[in-house]
Amino acid sequence: MKNFELSVLDLAPVKQGSTIQQALHESMDLAQFVENLGYTRYWLAEHHNFEGIASSATSVLIGYIASGTQKIRVGSGGVMLPNHSSLVIAEQFGTLETLYPGRIDLGVGRAPGTDGYTAKALGRNPMTINEQFPRQIVELQRYFSSKNSDALVRAIPGEGCDIPIYILGSSTDSAWLAADLGLPYAFAAHFAPEMMESAFKIYHEHYQPSEKFPKPYTIACVNGMAADTDEEAERISSTLYITFLNLIRNVREPYSPPVDDMDAIWNPAEKAHLLQKLKYSFKGSKGSVQQQMTDFQERFQVDELMVASHIFDHEARKKSYEIIREAADALNQK
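This section reports on the structure supplied with the text.

Scoring rules and cut-offs
- Within each chain, residues carry numbers counting from 1 in the order of the written sequence.
- Totals for whole chains, interfaces and linings use all residues, but because this is a predicted model, local features are given only for residues with pLDDT of at least 70 and pairs of side-chain atoms are given and counted only at 80 or more.
- Excluded from the side-chain calculations are hydrogens and water; all other atoms, namely the structure's heavy atoms, are used.
- What makes a nonpolar core is a set of buried Ala, Val, Leu, Ile, Met, Phe, Trp, Tyr and Cys residues whose side-chain atoms join them at distances within 4.5 Å.
- Only protein chains enter the calculation, and the probe is 1.4 Å; a residue is then buried if its accessible area is under 20% of its type maximum, exposed if over 50%, and partly exposed in between.
- Numbered from the N terminus, helices here are DSSP runs of H or I no shorter than four residues, and strands are runs of E no shorter than two.
- When checking whether two residues touch, look at their non-hydrogen atoms; a contact exists if any pair is within 4.5 Å.
- Take a side-chain nitrogen of Lys or Arg and a carboxyl oxygen of Asp or Glu: if they are within 4 Å of each other, that pair is a salt bridge.
- When DSSP finds at least two bridges between two strands, those strands are taken to pair.
- For a crossover, the right-handed case is the one in which the path from the first strand over the helix to the second runs clockwise, viewed with the strands pointing away from the viewer.

**Quick word on the nonpolar core**
Then step 1. Grouped together as the largest cluster of nonpolar side chains are 73 residues, with contacts concentrated most on Phe-93, Leu-106, Met-293, Phe-296 and Leu-305.
Then step 2. No other element matches the six residues that helix H12 (residues 314-332) contributes to this core.
Then step 3. Apart from residues lying up to four places away in sequence, Phe-296 is in contact with Met-196, Ala-220, Val-222, Tyr-280, Phe-282, Gln-301, Val-302 and Leu-305.
Then step 4. The next biggest cluster of nonpolar side chains, apart from the first, holds 14 residues, and it includes Ile-242, Met-262, Leu-278 and Ile-311.

Structure (structure tokens):
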């Protein structure tokens, strides 16, 4: 079984009875905690118009997290590129890389990260997304290149910065693009597991080596809820279930505390749908999580696991990442 790196995906969750400021402070505390545990990178996801998510100004939050950490890589998982000008993103991440050299990642996706009304407010044109997204990635590469110094439009800061670009996806479309451009590929298995196997197969079979990435590199984002016992892990997982259930029901509210009986909240159809969508969730005690990781890695052989942990209590969330780290270390040492 292939050894793998371990990283964190954070949405800066805003909880019921708490504040956005507290959510951002907890993200900093978590980043410092997982840095000490040896996690590879800490990514923040761009979302808009969600009461329970405070990571909308992703570049700003990356700077905040990088300022309070020392060695962990910090980046976007991702910036939804069609929401922005390529030049502005190049300048923002060029500034971040200048301030925190060798620690900044730029993960990019094409989805809006929000609803249709908000996507329109962001200035997206759905008719041009499929053409615009690949073009913007090439534009970013050009802006970051030192060879762009004679161009009429330059990214300053940004030009000459060594900022790795990662392509995010939840279907096979971005797998083709990542393979064609010779870039690392991160799949959103934490909410869209259905096409991951096909996407990774396409990516590996069609990968075109690039100067920065001569070999393909895959990241699978999964959910992780670990605790001392399987029973406690199941209980704290109810926050994740309720969060996704609210998305289905178009209920926008801060994260909910855990409950003892989800069957009193969801109906059988909702339960079946959600458990399918959340099938790649490492949940349970250390032993249970370790076995789930083993089964997953034997099948997918990814280079990196990125864990999103939707847990209401901050200390329980930190403990979950500690248990997951221990489980991963045990596997990588075999």
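Continuing now.
**Section: the pattern of salt bridges**
Then step 1. Going through the model one piece at a time under the given rule, you end up with 22 salt bridges.
Then step 2. We note a salt bridge from Arg-73 to Asp-105, for which the minimum N-O separation is 2.7 Å. Pair noted here: Arg-73 is in strand S3 (residues 73-80) and Asp-105 is in strand S4 (residues 104-109), with a separation of 32 residues, a long-range link. This pair shows no difference in class: Arg-73 is buried, exactly as Asp-105 is.
Then step 3. In this structure, the salt-bridge partner of Glu-270 is Arg-249, at a minimum N-O distance of 2.8 Å. Of this pair, Glu-270 sits in helix H10 (residues 268-277) while Arg-249 sits in the loop between helix H9 (238-248) and H10; the two residues are 21 residues apart in sequence, bridging distant segments of the chain.
Then step 4. On the basis of relative accessible area, Arg-249 is assigned to the partly exposed category, the value being 37%.
Then step 5. When salt bridges with common partners are traced through the structure, they connect Arg-41, Arg-73, Asp-105 and Glu-304 into a single cluster.

**Quick word on the pairing of strand S1 (residues 5-10)**
Then step 1. Extensive coverage of S1 is indicated by the burial of five of its six residues.
Then step 2. In this sheet, strand S9 (residues 304-308) lies alongside S1 in parallel orientation, the contact comprising five bridges. In the strand pairing of S9, Leu-6 is matched with Leu-305.
Then step 3. Sheet analysis places S1 next to strand S2 (residues 41-44), joined by three bridges and oriented parallel. Bridge assignment links Val-8 to a residue of S2, and that residue is Tyr-42.
Then step 4. In this fold, S1 hands off to helix H1 (residues 20-37), which returns the chain to S2; that crossover is right-handed.

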